[in-house]
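# Tertiary structure, described
Next come the chains, spelled out residue by residue.
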Amino acid sequence: MVGLNNIKETDFVNVTIQSLMRITPLRDFFLIPENYQNFKSPLVQRFGELTRKIWHPRNFKGQVSPHEFLQAVMVASKKRFRIGVQSDPVEFMSWLLNTLHVDLGGSKKLNSSVIFKCFQGELEVVKEIQRKLTVNEKLSNDVDKSDPGGFEREVSRMPFLMLGLDLPPPPLFKDVMEKNIIPQVPLFNILKKFDGETVTEVVRPQIARMRYCVTRLPQYLILHMRRFTKNNFFVEKNPTLVNFPVKNLELKDYIPLPSPQGSEKLRSKYDLIANAVHDGKPGEGCYRVFVQRKSEEIWYEMQDLHVAETLPQMVALSEAYMQIYEQQQGS
């Protein structure tokens, strides 16, 4: 296991890279330069170089500097992500996957790049928007103005590379011992957002009621716990602990899933392979990640150059922020 130098406030990049290095098909693709030699994107080339350095069999130092990759990131993102400024690994992961996909010649088609092959799933989205009264209805005395004419319903299919999960609001009051209660919630409770029945209220770009249902599962499922909320004055962090299984996350027990086609098997059981955590206050603090070395089924805690073996129980006790689950192929 190889640590990464923190050049300056770049731990958000390091946890993302360490998580992606656990994705076997992605790693294997970037270990062979011939797979992407025709793509001139500096980001693709530098990501490939970094992958080869991390997995080099004769890397005796046990550490790698991502400096060249970070320079390519700064240019490609027009300095949205840069050395010396702390950023959000979820935003960085989303930007990196989408940019690598496009730079590898990917299109909107299924499996059009190694990124989509690994991470792309699909949702059915039901959107209900309050129907506006017509001019005639507004003038009419027969229409109840407090209850306009119901909802307009739109149904669409939407691809995803990552699913965002909403945490319940933390308690406002301290307990009798004057200590803050750290609330806990099972992962299965917050996954109900994708059961096709639970309503999620949104206000942008317009007020609407949304329902989500998974219509295709990816080989690697990225989950993001929405811990940070921004208002006009500051950023708040939700400390709720999410209780999740490290092995055998069986999705079909909690959300409806599509029936497999023909001779296909429904593969709905997943194992955790990476778990990124934020420590400290919002807007400050630092990121670390737990990753599993699959060949030995041993978990490691990684924070920049610090790499230490840890227990699966310690992974499950952490304030999870971004997770990657791998689909079990035998199930």
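Structure: see above.
Read on for an overview of the structure.

Let's shift gears to the packing of aromatic side chains. One pass over the full model with this rule turns up 15 aromatic pairs. Pairing Phe29 with Phe30 gives two aromatic rings, centres 5.1 Å apart and planes at 80°, and the pair type is edge-to-face. Phe30 shares its class with Phe29; the two are buried. Relative to Phe47, the ring of Phe30 has its centre 4.8 Å away and its plane inclined at 80°; by these criteria the two rings are edge-to-face. Of the two residues, Phe30 sits in helix 2 (residues 24-31) while Phe47 sits in helix 3 (residues 42-54), which places them 17 residues apart along the sequence. When sorted by exposure, Phe30 lands in the same class as Phe47, which is buried. The structure contains a cluster of three or more aromatic residues connected by ring pairs, namely Phe29, Phe30, Tyr36, Phe47 and Phe69. When the ring centre of Trp55 is taken as origin, the NZ or CZ atom of Arg27, which lies over that ring, is 4.6 Å away.

On to the environment of Ala76, then. Tracing the backbone shows Ala76 in helix 4 (residues 67-76). Taking C-alpha positions, Ala76 is 43 Å from Ile181, a pair spaced 105 residues apart along the chain.

Strand pairing in a sheet relies on backbone hydrogen bonds, with the paired strands running either antiparallel or parallel. On the basis of which strands lie adjacent, the open sheet formed by four strands has the order 4-3-8-7 and antiparallel pairing. Each of the sheet's edge strands pairs with one partner strand only, and the pair in question is strand 4 (151-160) and strand 7 (200-202). Neighbour-to-neighbour, the strand axes of the sheet open up by a mean angle of 30°, direction not taken into account. Sheet topology places strand 3 (residues 121-130) next to strand 8 (residues 208-216); eight bridges connect them, and they run antiparallel. Considered in strand 8, the bridge of Glu122 is made with Arg216.

A few words on the nonpolar core. Core analysis: the biggest nonpolar cluster contains 52 residues, and Phe47, Phe69 and Phe119 have the highest contact counts within it. Leu165, Ile190, Val214 and Val315 belong to the second-largest nonpolar core, a separate cluster that totals 35 residues.

By the burial criterion, the buried members of helix 4 are Phe69, Leu70, Ala72 and Val73. End-on view of helix 4: buried residues confined to an arc of 160°, all on one side of the axis. Taken together, the buried residues of helix 4 touch helix 1 (11-20), helix 3 and helix 5 (89-103). Looking one or two residues beyond helix 4, the residue adopting positive phi is Lys78, at roughly 55°.

Turning next to the pattern of salt bridges. Under the criterion given, the structure shown has 20 salt bridges. The closest approach of N and O atoms between Glu124 and Arg157, which form a salt bridge, is 3.9 Å. In this pair, Glu124 sits in strand 3 while Arg157 sits in strand 4, placing the two residues 33 residues apart along the sequence. Judged by relative accessible area, which is 52%, Arg157 ranks as exposed. Two residues, Glu297 and Lys247, come together in a salt bridge whose shortest N-O distance is 3.6 Å.

Right, let's get into the side chain of Thr215. The topology assignment puts Thr215 in strand 8. The buried category is assigned to Thr215, whose relative accessible area is 17%. Contacts of Thr215, omitting those with residues within four sequence positions, involve Glu122, Leu123, Glu124, Arg157 and Pro258.

Basis of the calculations
Residues numbered from 1 in each chain as written. Predicted model: local features only at pLDDT ≥ 70, side-chain atom pairs only at ≥ 80, totals over all residues. Heavy atoms only, no water. Phe/Tyr/Trp six-rings, centres within 6.5 Å; stacked < 30°, edge-to-face > 60°. Buried < 20%, exposed > 50% of the residue type's maximum accessible area, 1.4 Å probe, protein only. Helix = DSSP H or I, 4+ residues; strand = E, 2+ residues; numbered from the N terminus. Lys NZ or Arg CZ within 6 Å of the ring centre and 35° of its normal. Pairing = 2+ DSSP bridges. Axes fitted to C-alpha atoms, helices over the stretch in contact; angles between N-to-C directions. Core = buried A, V, L, I, M, F, W, Y, C linked by side-chain atoms within 4.5 Å. Arc of directions from axis to C-beta. Contact = heavy atoms within 4.5 Å. Salt bridge = Lys/Arg side-chain N within 4 Å of Asp/Glu carboxyl O.

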